[in-house]
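Listed below, chain by chain, are the residues.
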Amino acid sequence: QVQLVESGGGLVQTGGSLRLSCAASGRTFSSYAMGWFRQAPGKEREFVARISARGAITDYADSVKGRFTISRDNAKNTVYLQMNSLKPEDTAVYYCAAHPNYATIRSRGDYWGQGTQVTVSS
């Protein structure tokens, strides 16, 4: 099993930056693809970014492409989401997820963190 804990959320002004972290437990972390999702009030959960188990492949939602960067440090059992040029529409609870299959993590995870709130003021 993998346990995930997000951190790094907070309040930021439009145009600002935040880096989210997702700390994972489990000896098989390096074999899991990881993803970031978000859910805004009144909206469905949406895919944000994903990264393959070794970090060689990444993918982003069109809405964040060019602004967000997903990365991972398997030695630290941590995945990151660097968020730049933040917009009010980025306001949401952000969740990290893990799944052994990179294709599957695009739509769901086997394991989820508790979420961290990101609020971008306008």
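Just so we're clear, the structure is a prediction, and the values are computed from it rather than from any experiment.

Within the secondary structure layout, Ser-52 lies in the loop between β5 (46–51) and β6 (58–60). Residue contacts for Ser-52: discarding those within four places in its chain leaves Ala-33, Ile-57, Arg-72 and Tyr-102.

Counting residues in hydrophobic clusters, the biggest one holds 36 residues, and the most contacted among them are Met-34, Trp-36, Leu-81, Met-83 and Tyr-94. Elements supplying a minimum of two residues to this core: β3 (18–25), β4 (33–39), β5, β7 (68–73), β8 (78–83), β9 (92–99) and β11 (116–121). Broken down by element, this core gets its largest block of residues, five residues, from β9. Filtering out sequence-adjacent residues up to four positions away, Met-34 remains in contact with Leu-4, Cys-22, Phe-29, Ala-49, Arg-50, Ile-51, Ile-70, Arg-72, Val-79, Ala-97, Ala-98 and Ile-105.

The next subject is the sheet that holds strand β1 (residues 3–7). Remark on secondary structure: sheet strands pair via backbone hydrogen bonds, oriented parallel or antiparallel. As summarised here, the arrangement of the four strands in space is β1-β3-β8-β7, forming an open sheet in which the pairing is antiparallel. Each end of this open sheet is capped by a strand with a single partner; those strands are β1 and β7. Pairs of neighbouring strands in the sheet enclose a mean axial angle of 15°, with direction left out of account. In this structure, β7 lies alongside β8, joined through six bridges in antiparallel fashion. Bridge assignment links Ile-70 to a residue of β8, and that residue is Leu-81.

Calculation criteria
Residues numbered from 1 in each chain as written. Predicted model: local features only at pLDDT ≥ 70, side-chain atom pairs only at ≥ 80, totals over all residues. Heavy atoms only, no water. Helix = DSSP H or I, 4+ residues; strand = E, 2+ residues; numbered from the N terminus. Contact = heavy atoms within 4.5 Å. Core = buried A, V, L, I, M, F, W, Y, C linked by side-chain atoms within 4.5 Å. Buried < 20%, exposed > 50% of the residue type's maximum accessible area, 1.4 Å probe, protein only. Pairing = 2+ DSSP bridges. Axes fitted to C-alpha atoms, helices over the stretch in contact; angles between N-to-C directions.

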